[in-house]
Amino acid sequence: MATYKNYLNDIIQLDKLHLNPYKLKEISVIIVPILIGPISFLWALIYLIYGQYTAATIPMFYSFISLFNLWHYKKTNNLLAIQKTQMLLVLILPFLLMWVLGGFANSSYIMVWAFFAPIAAIIHEKRGEAKYWLFSFLALMGFSVLIDPWLIAHHKETMPKSAKEIFFFLNISASLTGIYYLLKFFVYNKNRNITTKLKEKNQQLLEYTKELRTMLYTDSLTGLKNRTALLEDKNKRDSMVLILLNIDRFSQINDLFGEKFGNRVLIAFSQLLKNNLKIHKNCEVYRLSGDEFVILSGERDAKILTNNIAQLVNYINENPLEIEDQEIALHITVGISTESTEQLLPTANMALKAARRSKKSIIFYTEEISLNEEYENNIRWIKEIKEAIKEDRIVLFYQPIMDNESNEICKYETLIRLIDQEGNIIAPNKFLEIAKKSKLYKQLTRIVIQKSFEAFKENDFDFSINLTIDDILDKKITTMIERTLQNYNISHRVIFEIVESESIENFEKVEDFINMVKSYGCKIAIDDFGTGYSNFEHLMKLQADFIKIDGSIIKEIVHNKRSEIITSVIVAFAKEMQIKTIAEYVENEDIHNKLIKLGVNKSQGYFFDKPQPNLP
C-alpha cells in the first residue's frame, strides 16, 4: 500500500520532481494499472449490483491482472513484462466489455480506454511499432462497426438510464485523466531530453573549443606557445619587449644529423630557454617557426635587459647540448625591440638582420636600423598601384572550388592580381599591405566587386569575393555592394568571404551588413578558420554558411596528427551547425583523400587548378 501511495504521489508531482530516465519510464508504465486497476474493480462491483455478471468479469479480470502485474514487478523488476501486458489488456478488454454491454449504442464511451494502447506505444516503442498498435485499435473499431447491428438486436438492457450516465461520466473522466498524465509524462520527458542534450552539446562544445584553442596556440614539437599565441599575447599586454632569437647555422645540424635529430635539438633548446627564464617571472617563451624563438618580457630597463640576454647568450654558447651522446654547440643571434605593440615583431626582425650583417650577438632596434630600401620599395609600389588602377591593370584570376562528393566544380573564388608595366603577373602579397597603408586598398576592393559581378553575370557558377572588416565598415563600399546586388540579378550566387574576422570590434555594423546581403540571397564564408581567435560562437554571430579551414592546417594534415585533429573538430561542429566546410591549399591527392575521409565538403588548391585569368 505504501508503494502504491509513493507511485501515485510521483505521478501527481511529476513536473516538480527531478527523476532519472529509468524512474520516469517506470512511472509512465505503472500509471496504467495504478489508475485503471482500482477503477476497474469498482466498476465490476457496480455491474454485479445491476446483474451484468458477464460484463463484471471483464473489469474484475483486469483488476486482478493489474494487481498481479504490480506484485510481479516488485519481485522481478521486469518493467517490459508489465508494459506489454498492460498495453495488450487495455487494447482488447474495453472492446470486449463494449460488445458484452450491447455495442456502440449502449457503451461506446468504454472504447476510449482502448486508445491508451497506441498513446503508450508512441511514448515507449523505439522502432516505429506504435503504428501497429494504432492499426490494431482501428481494426477492432472496424470489427465493432460490423457486429454492432447484431449486438443491438441480441442485447437485453437491464441497467437504468441513471446508471449509464454515471458510468459515462466516470469512464470519460477517468480515461481522459489517465491520458492527461501519460501525455504529461511524454511532454516532460521530451523537454527533459532536449534540455539534457543541449547541456551535453554545450559542454562538448566548451571542451572541444578548449582543446582546439590549446592545439591552435601550442607548438606541437616543443610544447611552447606558438606564433598565433604570440600575436594574441602581445596585443593583450602593454609596454612589452620582444626578444627574437635565431639559432645560427641550424640547417647544418639537419644536414649533418638528419631532421629527427634536429627536432630533438629544438626540443632540448626550448627546454633550456624555459629553465633559464624561470627566475624571470614576467617572461614568456614562444617558438616562432623553424629555429626562431621569441621571449616576451616585461623588463624595459635597457641595462638589466642587456645584461640578462648577454648572460643567456653566453650560457648557450658555453654549454653544448648533449643529445644521443653527441655534444651540440649552439650559438644564437638576438634582435630586441621595445617599439609599439604592432611593430614589435617586424622591428625585432630588422634588429636580428642587422645583428647578422654586423656579426654581433645582440642588437636593439633603433630607427637607424630601419632600412632605407624598405621605404624606397614602398614608394615604388604605391606608384605602381596608382598607375595600375589608372590604366586598368588590376585584374581578376579565378580558382575553382571542388565539391568533394561529386568531384565537380561548384564555385570559384575571385582573386586580385596586378599586371605590371612589363606584363608580369604580380601576386597580392606583394602589394596589398602597401595598398592598405597608402589608402588605396578600398579602391582595389571596389574594382574587384565590379569586375566579379561582370565576370559571372552570364554563367551559372557561384563565386566568392573577399572582404575585410574595414571594407564592411566602410559606408561607401557597403552602399556600392547593395547597389550592385540590385543591378545584377545574380545575388543568390554570391558568397562574401570575410577575412581577418578575428579583428571585429563593431559587431553591430558587421551584423547589419550580413543581414543586408543575406536579404538578397547572398551567403557568408569565414576565411582562414582555425587560426587566430577562431571559435564557434564567432561563427554563429556571423551567420556563416561556409568555413574555409586555414591552409596552414590543411598543408600538414597528412603527416601532422595535430592538424588532423583540429580539422576533425572543426568539421564535427560545422556539421552540428549545418555549416559547409572548405579546405584551402589542397596541393596533392593524399591531402584530398584525407579531407574526404574527414568529411570536409569542398576543396580548393593547386591539386585541382591554379588561379586562372579566364573562366571556362
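A short tour of the structure in this document, coming up.

Criteria and cut-off values
Residues numbered from 1 in each chain as written. Predicted model: local features only at pLDDT ≥ 70, side-chain atom pairs only at ≥ 80, totals over all residues. Heavy atoms only, no water. Core = buried A, V, L, I, M, F, W, Y, C linked by side-chain atoms within 4.5 Å. Buried < 20%, exposed > 50% of the residue type's maximum accessible area, 1.4 Å probe, protein only. Helix = DSSP H or I, 4+ residues; strand = E, 2+ residues; numbered from the N terminus. Contact = heavy atoms within 4.5 Å. Phe/Tyr/Trp six-rings, centres within 6.5 Å; stacked < 30°, edge-to-face > 60°. Lys NZ or Arg CZ within 6 Å of the ring centre and 35° of its normal. Pairing = 2+ DSSP bridges.

### A short note on the nonpolar core
Argument step 1. Core analysis: the largest hydrophobic core is formed by 80 residues, its most contacted members being L242, F431, F453, I481, F496, F513 and V517.
Argument step 2. With 7 residues, the top contributor of residues to this core is helix 16 (residues 441–456).
Argument step 3. Once residues lying within four places of it in the same chain are set aside, the contact partners of F453 are F463, I465, T484, L485, Y488, I490 and V494.
Argument step 4. Among the nonpolar cores identified, the runner-up in size contains 29 residues, and V241, I247, L266 and L305 belong to it.

### What about the packing of aromatic side chains?
Aromatic rings considered in pairs are described by the distance between their centres and by the relative angle of their planes.
Argument step 1. Tallying each qualifying case throughout the model produces 13 aromatic pairs.
Argument step 2. Between the aromatic rings of Y412 and F461, the centroid separation amounts to 4.9 Å while the plane-to-plane angle is 80°, which identifies the pairing as edge-to-face. Residue Y412 is found in strand 9 (residues 409–419), and its partner F461 is found in the loop between helix 16 and strand 11 (462–468); the two are separated by 49 residues along the sequence.
Argument step 3. Using a relative accessible area of 4% as the deciding quantity, one classes Y412 as buried.
Argument step 4. Judged by its relative accessible area of 24%, F461 falls in the partly exposed class.
Argument step 5. Ring geometry for F607 versus F608: centroids 5.1 Å apart, planes at 65°, classification edge-to-face.
Argument step 6. Put simply, the rings of Y398, Y412, F453, F456, F461, F463 and Y488 touch in pairs and so form one group of aromatic residues.
Argument step 7. When the ring centre of F397 is taken as origin, the NZ or CZ atom of R417, which lies over that ring, is 5.6 Å away.
Argument step 8. Geometry around Y441 places K436 over its ring, the cationic atom sitting 5.1 Å from the centre.

### Describing unusual backbone geometry
Argument step 1. For D325, which is not glycine, the phi dihedral falls at a positive 65°.
Argument step 2. Locating D325 in the fold gives a position in the loop between strand 4 (321–323) and strand 5 (326–328).
Argument step 3. Residue classification places D325 among the exposed residues on the basis of a relative accessible area of 84%.
Argument step 4. The phi dihedral of Q543 falls on the positive side, at around 50°, and the residue is not glycine.
Argument step 5. Turning to its location among the elements, Q543 is positioned in the loop between helix 20 (536–541) and strand 14 (546–549).

### Examining the pairing of strand 13 (residues 523–529)
Argument step 1. Burial of strand 13 is extensive: 5 of the 7 residues sit out of reach of the surface.
Argument step 2. With 4 bridges joining them, strand 12 (residues 494–499) and strand 13 adopt parallel strand pairing. Bridged to I498 within strand 13 is I526.
Argument step 3. Two elements, strand 13 and strand 14, share 3 bridges in a ladder whose sense is parallel. Note on strand 14: the bridge partner recorded for I526 is I547.

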